[in-house]
Amino acid sequence: MKPDEAAYAKPGEVVFSLAPAWPRLLLGVALTGCLSVTLIAIALGDQGSGIGRLFFAGCGLGTFFLTARMWRARLTTLELTPEALFETGGGTRVLAQIKDIAKVERGALAMKPSAGFVVHLRDSQDRAWVPGLWWRIGRRVGVGGIVGAGQARAMAEFIEILRLRSEEDPEP
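Residues numbered from 1 in each chain as written. Predicted model: local features only at pLDDT ≥ 70, side-chain atom pairs only at ≥ 80, totals over all residues. Heavy atoms only, no water.

**Q** With reference to specific residues and values, describe unusual backbone geometry.
**A** In this model, A115 sits at a positive phi of 55°, which is unusual for a non-glycine residue. Inspection of the secondary structure puts A115 in the loop between β5 (101-105) and β6 (117-130). (Helix = DSSP H or I, 4+ residues; strand = E, 2+ residues; numbered from the N terminus.)

Pasting the structure below:
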């Protein structure tokens, strides 16, 4: 679907889908996995005190947990409809309602995920996070990391078009 056609999509129709890019996913999982192994190896080494070893072991196990969660993100797809941006894969979770979006930020100097964008909401939401794919803290939703830069840019444009359309024609 073209961006100008997105504003006229039917309710519930998927306008755009965004899935993890395999090269970025594999690189992210490999790097965090190597960090996990390195931290655990330091903890098991002969040097250091008991508290230091415990610290490195905890950090290594935590990093391993994040690596596993990032690997599971490969099953997740972000989908955009005229009403909302949501996550599918093992359930459905709404990231943001289009009517609640104040602005979309995707510039080079924006505080955003790698190769992604940030959506500013009108109201604060609960925290949620899928490592490497998206996060939501307060009034911000960040999308990016293991997604392709071109796809993320296109989704940001679709969201901006739908946001402007919802401001022009509020539902009765």
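**Q** Any chance you could break down the state of the cysteines for me, citing the residues and the numbers?
**A** In the structure shown here, the tally under the stated rule is zero disulfides. Counting only cysteine sulfurs, C59 is the nearest neighbor of C34, a cysteine outside any disulfide, at a range of 17 Å. Looking at C34, the relative accessible area reads 49%, which means it is partly exposed. (Disulfide = S-S within 2.5 Å. Buried < 20%, exposed > 50% of the residue type's maximum accessible area, 1.4 Å probe, protein only.)

**Q** How would you summarise the pattern of salt bridges if you had to cite specific residues and measurements?
**A** Tallied over the full model, the rule gives four salt bridges. Here R93 ties to E87 by a salt bridge, and the two come within 3.3 Å at their closest N and O atoms. Given the relative accessible area of 33%, R93 is considered partly exposed. (Salt bridge = Lys/Arg side-chain N within 4 Å of Asp/Glu carboxyl O.)

**Q** Let's hear about the packing of aromatic side chains: which residues, and what values?
**A** Applying the stated criterion across every chain yields a total of three aromatic pairs. Aromatic pair F16 and F158: ring centres 5.0 Å apart, planes at 35°, arrangement tilted. A residue pair is termed long-range when its members are at least 10 positions apart, and F16 in strand β1 (residues 16-18) and F158 in helix α4 (residues 149-168) qualify at 142 residues. Neither residue differs from the other here; F16 and F158 are each classed as buried. Aromatic side chains F55 and F56 sit 5.6 Å apart centroid to centroid with 70° between the ring planes, which places their arrangement in the edge-to-face category. Taking the relative accessible area as the measure of exposure, F55 reaches 52% and is therefore exposed. (Phe/Tyr/Trp six-rings, centres within 6.5 Å; stacked < 30°, edge-to-face > 60°.)

**Q** Let's hear about the sheet that holds strand β7 (residues 134-143): which residues, and what values?
**A** Read across the sheet, three strands follow the order β5-β6-β7 without closing on themselves; strand pairing throughout is antiparallel. The sheet terminates laterally at β5 and β7, the two strands that pair on one side only. Taken pair by pair, the neighbouring strands of this sheet meet at an average axis angle of 70°, ignoring direction. Where β6 and β7 come together, eight bridges link them in antiparallel fashion. Note on β7: the bridge partner recorded for H120 is R140. In this fold α4 packs onto β5 and β6, with an angle of close to 150° to the strand it touches most, β5. (Pairing = 2+ DSSP bridges. Axes fitted to C-alpha atoms, helices over the stretch in contact; angles between N-to-C directions. Contact = heavy atoms within 4.5 Å.)

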